[in-house]
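# An overview of the molecular structure
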Amino acid sequence: MRRGLFFLLAAPGAALFIFFFLIPLAAVSVDGFTDGGRAFLRVFRNDLFWGGLRGTLVLALTASVFSLLVGFAVALHLSRLSSTARTMLVFFIALPLTFSGLIVAYGFILAYGRAGFITQILAMFGVDPATFSRLLYSPQGLAFASSYYLIPRVVMLLLPVFVNFDTTQFNAAESLGATRSQTIRD
């Protein structure tokens, strides 16, 4: 490919990168470093920042670990099913990925918010709606809601690996005297 053609093809992407990333980043950086960088010190001294960071880490770790464990187990189970049963179940598992995130978020609010219909049904059985909503909108509750999208993604990534995995390597290693844990580890 000629150099001129390459630059011509790369120009639109470079322009987007410059106008929508580098220029805003430079503007924010100039503003942040005025006054000798004291704005950063004010952020780091604010307890709200540390609480938000802590909540973000809890959300990220909880959602990713939970989704990986559940998605791994589901993909492993699906890989052991017949092709017809697997195809039918994968259709339903992939269904959450077809909806917009905004629509799903609105649905969670309507279902689990303080006045949500599931929250109100639980209130008939003595559950306090405010306490339940506070739990759902905590980092752990948001991790539960994030799993709605993350588990199907894990399943879709791991399922082809499990379906096409050659288990004869395990059998060969075990026939040569390796334990099951040695076989998996090696």
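The shown structure was predicted, so the numbers you read here are calculated from the model rather than taken from an experiment.

## Considerations on the layout of surface pockets
Of the voids in this model, the largest pocket is the one considered here, and its volume is about 320 Å³. Contributing to the lining of the largest pocket are Phe72, Leu76, Ser79, Arg80, Phe162, Phe165, Thr167, Phe170, Arg180 and Ile184. For the lining of the largest pocket, the secondary-structure elements that each account for two or more residues are α3 (47-79) and α10 (180-185). Examining the composition of the lining of the largest pocket, we find that three residues originate from one element, α3, more than from any other. Of the residues in the lining of the largest pocket, the class split is six nonpolar, two polar and two charged. Here the second largest pocket defines a volume of roughly 170 Å³. Lining the second largest pocket are Val104, Ala105, Phe108, Ile109, Leu136, Tyr137, Leu142, Ala145, Ser146 and Tyr149.

## Topic: a nonpolar patch on the surface
On the surface, Leu16, Phe17, Ile18, Phe19, Phe20, Phe21, Leu22, Ile23 and Leu25 cluster together into a nonpolar patch covering about 920 Å² of accessible area. Among the structural elements, phenylalanine 19 can be located in helix α1 (residues 3-33).

## Things to note about the packing of aromatic side chains
For the structure on display, the rule yields 13 aromatic pairs. A centroid spacing of 6.4 Å and a plane angle of 45° characterise the contact between tyrosine 112 and phenylalanine 132, whose relative ring orientation is tilted. One end of the pair, tyrosine 112, is in helix α5 (residues 101-112); the other, phenylalanine 132, is in helix α7 (residues 129-136), and 20 residues separate them in sequence. Given a relative accessible area of 19%, tyrosine 112 falls into the buried group. Judged by its relative accessible area of 19%, phenylalanine 132 is buried. Taken together through their ring pairs, the aromatic side chains of Phe108, Tyr112, Phe132, Tyr148 and Tyr149 make up a single cluster. We note arginine 180 situated over the ring of phenylalanine 170; from NZ or CZ to the ring centre the distance is 4.9 Å.

## Examining the side chain of arginine 86
Considering the arrangement of structural elements, one finds arginine 86 in helix α4 (residues 83-94). One buried charged residue, arginine 86, forms no salt bridge at all, with the nearest opposite charge on aspartate 166 at 15 Å. A distance of 3.0 Å separates a polar atom in the side chain of arginine 86 from the backbone oxygen of leucine 81. When near neighbours in sequence (up to four residues on either side) are disregarded, arginine 86 contacts Leu78, Ser79, Leu81, Leu159 and Val163.

## With respect to α7
For the α-helix, the turn length of 3.6 residues means that residues three or four positions removed from each other point alike. The set of residues buried in α7 consists of Ala130, Phe132, Ser133 and Leu136. Down the axis, α7 shows its buried residues gathered within 165° of arc, on one side only. Residues of α7 that are exposed and point over 90 degrees away from its buried face: Arg134 and Leu135. For α7, the elements touching its buried residues are α5, α6 (117-124) and α8 (139-163).

Quick notes on the rules
Residues numbered from 1 in each chain as written. Predicted model: local features only at pLDDT ≥ 70, side-chain atom pairs only at ≥ 80, totals over all residues. Heavy atoms only, no water. 1 Å grid on protein atoms, 1.4 Å probe; cavity = no way out; pocket = protein on both sides within 12 Å on 5 of 7 lines; lining within 4 Å. Points joined across faces, edges and corners; volume = space filled by probe spheres on them. Helix = DSSP H or I, 4+ residues; strand = E, 2+ residues; numbered from the N terminus. Nonpolar A, V, L, I, M, F, W, Y, C, P; charged D, E, K, R; others polar. Patch = residues over 30% accessible without salt bridge, like charges linked within 9 Å, V, L, I, M, F, W, Y side chains within 5 Å. Areas by Shrake-Rupley, 256 points an atom, 1.4 Å probe, with all protein chains shown as cover. Salt bridge = Lys/Arg side-chain N within 4 Å of Asp/Glu carboxyl O. Phe/Tyr/Trp six-rings, centres within 6.5 Å; stacked < 30°, edge-to-face > 60°. Buried < 20%, exposed > 50% of the residue type's maximum accessible area, 1.4 Å probe, protein only. Lys NZ or Arg CZ within 6 Å of the ring centre and 35° of its normal. Lys, Arg positive; Asp, Glu negative; His and termini not counted. Polar contact = N/O pair within 3.5 Å; in protein donor to acceptor, adjacent residues only side chain to side chain. Contact = heavy atoms within 4.5 Å. Arc of directions from axis to C-beta.

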